[in-house]
Amino acid sequence: MATPARTTGERTTPARPARDAVLRPWRGPADSAALAALDDGAPGIGVACGPEWHDDAAADPARLHLLLERPGEPGPAGYAVLAAPRGPEPGVELHRLVVHPDRRGTGAGRALLGAALALAGVPGATGDTPGGPPWAGPGRLWLEVAADNVAALALYRSAGMVTETVLRTVPGDPSSTPLRLLLARG
């Protein structure tokens, strides 16, 4: 039976299961350029983007870039950046998770999140990983997400992540609008 197509904008792409995907670490400046192109217009990225950001992040031993590719498709389907435990927040931080707009809804985000959970050593995580740095695996993954990023929240919550902290527009005022949420699992 043929896989149904998914329409995104002006382009129609076949919905392909995540099992076709290959996860791999960042390899060099060509990857940085491809990832920066994915950042353009991605929700929640802000101003910290561009090939230089990816070059710097990849050179940092306290961060790990994972790219998701599918055979026969041009460029990465998405990527994730994980950061080593630091500051008061224990566990591995999912610093960034971006999926190509034409590949959203195809399992790419779920595959990247599964890999992040597995690298963080979260109990019950079943994601594929290409191997991780020595700081990976404390058993907890956490992230910050915009409170209005409905698609991202649905993905994270479907993986068992829960809201631990609400960061409000007016710090210390519980009646102010939620700005960002801190989610975690493990």
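Residues numbered from 1 in each chain as written. Predicted model: local features only at pLDDT ≥ 70, side-chain atom pairs only at ≥ 80, totals over all residues. Heavy atoms only, no water.

As named in an unreviewed UniProt entry, the protein is GNAT family N-acetyltransferase, taken from Pseudonocardia alni subsp. carboxydivorans.

Peer 1: Let's hear about the overall build of the protein: which residues, and what values?
Peer 2: Helix and strand counts for the protein stand at 4 helices and 9 strands. Along the chain direction, N to C, the helices and strands of the protein fall in the order β-β-β-α-α-β-β-β-α-β-α-β-β. The buried share of the protein, taken over its 186 residues, is 43%. When contacts within the protein are restricted to residue pairs at least 6 apart in sequence, those whose partners lie at least 24 apart make up 56%. (Helix = DSSP H or I, 4+ residues; strand = E, 2+ residues; numbered from the N terminus. Buried < 20%, exposed > 50% of the residue type's maximum accessible area, 1.4 Å probe, protein only. Contact = heavy atoms within 4.5 Å.)

Peer 1: If you had to explain helix 1 (residues 29-39) to someone new, which residues and values would you point to?
Peer 2: Residues separated by three or four positions in an α-helix point in the same direction, a consequence of the helix having 3.6 residues per turn. When we look at burial in helix 1, the residues that qualify are Asp31, Ser32, Leu35, Ala36, Leu38 and Asp39. Angular distribution of buried residues about the axis of helix 1 spans 150 degrees; they occupy a single face of the element. Facing away from the buried side of helix 1 by over 90 degrees, the exposed positions are Ala30 and Ala37. Against strand 3 (22-25), helix 2 (51-59), strand 4 (63-69), strand 5 (78-83) and strand 6 (92-99) lie the buried residues of helix 1. One or two positions beyond helix 1, positive phi appears at glycine 41, with a value near 85 degrees. (Arc of directions from axis to C-beta.)

Peer 1: Account for the packing of aromatic side chains, naming residues and giving values.
Peer 2: Inspection of every chain in the model, using the stated rule, returns 0 aromatic pairs. When the ring centre of tryptophan 53 is taken as origin, the NZ or CZ atom of arginine 96, which lies over that ring, is 3.8 Å away. (Phe/Tyr/Trp six-rings, centres within 6.5 Å; stacked < 30°, edge-to-face > 60°. Lys NZ or Arg CZ within 6 Å of the ring centre and 35° of its normal.)

Peer 1: Give me the packing of helix 1 against helix 2: which residues, what numbers.
Peer 2: Contact pair helix 1 / helix 2: the axes reach a minimum separation of 8 Å and the direction vectors enclose 125 degrees. Taken together, the axes of helix 1 and helix 2 lie oblique to each other. Between helix 1 and helix 2 the crossing geometry is right-handed. The residues of helix 2 that touch helix 1, namely those facing Pro29, Ser32, Ala33, Leu35, Ala36 and Asp39, are Pro51, His54 and Asp55. (Axes fitted to C-alpha atoms, helices over the stretch in contact; angles between N-to-C directions. Parallel < 35°, antiparallel > 145°, perpendicular 65-115°, else oblique. Left-handed = near helix turned anticlockwise from the far one by under 90°.)

Peer 1: An account of the sheet that holds strand 6 is requested, with residue identities and associated values reported.
Peer 2: Read across the sheet, 7 strands follow the order 3-4-5-6-7-9-8 without closing on themselves; strand pairing throughout is mixed. Sheet topology places strand 3 and strand 8 (162-168) at the edges, where each strand pairs with a single neighbour. Each adjacent strand pair in this sheet contributes to an overall mean axis angle of 25 degrees, direction not counted. Here 2 bridges tie strand 6 to strand 7 (residues 141-146), and the two strands are oriented parallel to one another. Along strand 7, the bridge assignment pairs valine 92 with leucine 141. Seen against the sheet, helix 1 touches strand 3, strand 4, strand 5 and strand 6 and runs at an angle of roughly 100 degrees to strand 5. Each of strand 4, strand 5 and strand 6 touches helix 2; the most contacted strand, strand 4, lies at about 120 degrees to it. (Pairing = 2+ DSSP bridges.)

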